[in-house]
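# Overview (structure and organization)
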Amino acid sequence: MKQPRVLKLYNSLSGKKEIFNPITPGYVGMYVCGPTVYSDVHLGNCRTFTSFDVIYRYLLHLGYRVRYVRNITDVGHLTDDGEDRMAKGAKVAQIEPMEVAQRYAVGFHDMMRIFNNLAPSIEPRATGHIPEQIEMVQDILERGYGYERNGSVYFNVIKFSQDHPGVYGQLSGRVIDELMAESRDNLKNQDEKNHPADFAIWMKARPQDLMVWKSPWSTGFPGWHLECSAMSTKYLGKTFDIHGGGNDLKFPHHENEVAQSNGACGCSPANYWLHTNMLLLNGKKMSKSDGNTINPPQLFSGDSEHISKAYSPMAVRFFMLQAHYRSTLDITDDGLQAAEKGFKKLMDTYALLQKLPVDARDFDGSESEHDRAILALIEDAYEGMDDDFNTAIAIAALNELGGYVNKLTHGQIPHNDVAPWVIERLKSVFSTFLFDIFGLREEAAREDNGTVDNLMNLILELRANARAQKDWTSSDKIRDALAAAGIQVKDGKEGVSWEKV
Ligand code: AMP
Ligand code: ZN
């Protein structure tokens, strides 16, 4: 364990920032609701999972042993008209529901790798945990918080609320009356429920349902909210440290998880509830129906009316990190361009930093004004992360540090004005933040730069030879071919240069 730092998290349950105290010192259990694998992962999902990836990375950096559980929902998540999302996808494509789940789970993993998100420690699937879910329904029934109707089992929200005043609704800030009409399965079997706010924890299958299992009540399938309660309990215990997801899941999903755990064992599932904010496009909610949407492949290829060019996955990741995870994030072409530049600037600073000599000459051992300023900025970066994982503040501190790196590189600050150990620390902090905590990667194009530079030198030399021999046909051919490949050659006073346009 490294030097303990005081980490503060914004807990949606209390509506306050709280000091993070894990249940077992040095260990963290974190559960994040994963994707429902019935369609391609969208950029909003990527934002949420990238936010939790940075949280995971920072906890690891602080020296915690983290068990990060992120599930895959492959059954039970119904559409508004009561059909299972997986089964609906399977019917459309005329394949097995499990083929739908597999196709999109593979796509999801590919996208997580493209964004450089670390794999969770455990990635359980709902369909692999049906016995655990059935057991939880039994526990809820035994404790009197569920009732069976025609083979389906419902959670009794009213009784639960009477016995646990203030618990149901605390997370989402809603009151029971408001919840009456809003339950996700409110179109289905409404008449079977005692109260509209009650929700299904086991559903009896209808003839058209494809994914069904035997249970003591009927052949059917578990309610969507139950999988996360059952799987978090199995892998993290009845009460664990952090539960996360997008803020659209606060109600009903997370509210119902709290009720289920309390109903099954009388305990709150998580001590800290963290919620990410939504991704917008040009100031409006992303929506497929009105065309206000962009998916990751479109961003990477530039093939969308909303953007003027292609953006690399790391530029998009950096764009996401420039905002705090609890703020909405508005995707705009201007914002992406600025992020691309900002990302390149930090990577350039990192490259300069590698070349900075550590062995300062004539260092007299005292702490200079520059030493103090650099150390204070490093502390600012850490304090940003300690303050509810505020990546925006940490990035601002790194940018300021970049100013020092430039000045040291160009001699505006003499090397012997900064202690060798401060330069060492600067180097290690930069690489720790960029690669370990922010999870950025040097872009392939940059890594390839050596090869591309060498090839370009060769081509430009051939062109110079052609020009020297007044072979204008060859030199023009080289220039035109480069232009067609998006490379502009400039003949200036200082010689020939080139750039990608
Ligand atoms: P889903 O596959 O729809 O269950 O969503 C997976 C995760 O992505 C959940 O944590 C959602 O809250 C989150 N999510 C969905 N839409 C967005 C969005 N537009 N912006 C940020 N996160 C989102
Ligand atoms: Zn969940």
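Look up: the structure comes first, before these words.
The structure reproduced in this document is the subject of the present report. (Residues numbered from 1 in each chain as written. Chains lettered and ligands numbered in written order. Predicted model: local features only at pLDDT ≥ 70, side-chain atom pairs only at ≥ 80, totals over all residues. Heavy atoms only, no water.)

### Details of a nonpolar patch on the surface
- A cluster of nonpolar residues, Leu455, Leu458 and Leu462, forms a patch on the protein surface that exposes about 290 Å² of accessible area.
- Within the element layout of this structure, Leu458 appears in helix 16 (residues 449-468). (Patch = residues over 30% accessible without salt bridge, like charges linked within 9 Å, V, L, I, M, F, W, Y side chains within 5 Å. Areas by Shrake-Rupley, 256 points an atom, 1.4 Å probe, with all protein chains shown as cover. Salt bridge = Lys/Arg side-chain N within 4 Å of Asp/Glu carboxyl O. Helix = DSSP H or I, 4+ residues; strand = E, 2+ residues; numbered from the N terminus.)

### Points about unusual backbone geometry
- Note the cis peptide between Phe251 and Pro252, where omega equals 0°.
- As for its position among the elements, Pro252 is in helix 8 (residues 250-265).
- Phi at Lys470 is positive, roughly 55°, even though this residue is not glycine.
- Within the secondary structure, Lys470 sits in the loop between helix 16 and helix 17 (472-484).
- Using a relative accessible area of 61% as the deciding quantity, one classes Lys470 as exposed. (Buried < 20%, exposed > 50% of the residue type's maximum accessible area, 1.4 Å probe, protein only.)

### As for the site of ligand 1
- Near ligand 1 lie 16 residues; those nearest to it are Thr36, Thr48, Gly246, Asp248 and Leu279.
- Note that a nitrogen atom of ligand 1 is positioned 3.0 Å from one of the backbone N or O atoms of Gly44.
- Gly246 has a polar backbone atom sitting 3.0 Å from an oxygen atom of ligand 1.
- Protein contact buries 88% of the 490 Å² of open area that ligand 1 shows by itself.
- Secondary-structure elements contributing two or more residues to the shell around ligand 1 are helix 1 (43-61) and strand 9 (240-246).
- Per-element accounting of the shell around ligand 1 gives the leading share, four residues, to helix 1.
- Considering only residue class, the shell around ligand 1 consists of six nonpolar, nine polar and one charged. (Near = heavy atom within 4 Å. Polar contact = N/O pair within 3.5 Å; in protein donor to acceptor, adjacent residues only side chain to side chain. Nonpolar A, V, L, I, M, F, W, Y, C, P; charged D, E, K, R; others polar.)

### Here we look at the coordination of the zinc ion (ligand 2)
- For the zinc ion (ligand 2), the protein coordination sphere consists of Cys33 (SG), Cys228 (SG) and His253 (NE2), at 2.0 to 2.2 Å.
- The sequence pattern formed by the donor residues of the zinc ion (ligand 2) is C-x194-C-x24-H. With a gap of 220 residues between them, Cys33 in the loop between strand 3 (27-32) and helix 1 and His253 in helix 8 connect regions that are remote in the sequence. Each member of the pair, Cys33 as well as His253, is classed as buried. (Donors = N, O, S within 2.8 Å, 3.2 Å for Na, K, Ca; no water.)

### What to know about the sheet that holds strand 7 (residues 199-204)
- With respect to topology, four strands assemble into an open sheet ordered 5-6-7-8, the strand pairing being antiparallel. Unpaired on one side and paired on the other, strand 5 (146-149) and strand 8 (220-222) mark the two borders of the sheet. Along the sheet, successive strands turn relative to each other by an average axial angle of 20°, direction set aside. (Pairing = 2+ DSSP bridges. Axes fitted to C-alpha atoms, helices over the stretch in contact; angles between N-to-C directions.)

### Quick notes on empty space enclosed by the protein
- Enumeration over the complete set of coordinates arrives at four cavities of 30 Å³ or more.
- Volume-wise, the second largest cavity comes out at about 100 Å³.
- Contributing to the lining of the second largest cavity are Arg47, Thr50, Ser51, Val54, Ile55, Met320, Leu321, Ala323, Tyr325, Phe389 and Thr391.
- Of all elements in the fold, only helix 1 and helix 10 (313-321) reach the threshold of two or more residues within the lining of the second largest cavity.
- When residues of the lining of the second largest cavity are assigned to their parent elements, the largest contribution, five residues, is made by helix 1. (1 Å grid on protein atoms, 1.4 Å probe; cavity = no way out; pocket = protein on both sides within 12 Å on 5 of 7 lines; lining within 4 Å. Points joined across faces, edges and corners; volume = space filled by probe spheres on them.)

### Overview of the packing of aromatic side chains
- A complete count under the given rule lists 16 aromatic pairs for this structure.
- Summarising the aromatic geometry, the rings of Phe20 and Tyr64 are spaced 5.9 Å apart at their centres and angled 75° between planes, so their arrangement reads as edge-to-face. Note that Phe20 is positioned in the loop between strand 2 (16-19) and strand 3 and Tyr64 in the loop between helix 1 and strand 4 (65-70), a separation of 44 residues in sequence. Accessibility assignment for this pair places Phe20 and Tyr64 in one class, buried.
- Centre to centre, the rings of Phe433 and Phe438 are 5.7 Å apart; their planes meet at 75°, and the pair counts as edge-to-face.
- Using a relative accessible area of 0% as the deciding quantity, one classes Phe433 as buried.
- Overall, the relative accessible area of 0% leaves Phe438 in the buried class.
- Grouped by ring-pair contacts, the aromatic residues Tyr145, Phe155, Phe160 and Phe199 constitute a single cluster.
- Its guanidinium or amino end placed over the ring of Phe49, Arg70 lies 5.4 Å from that ring's centre, counting from NZ or CZ. (Phe/Tyr/Trp six-rings, centres within 6.5 Å; stacked < 30°, edge-to-face > 60°. Lys NZ or Arg CZ within 6 Å of the ring centre and 35° of its normal.)

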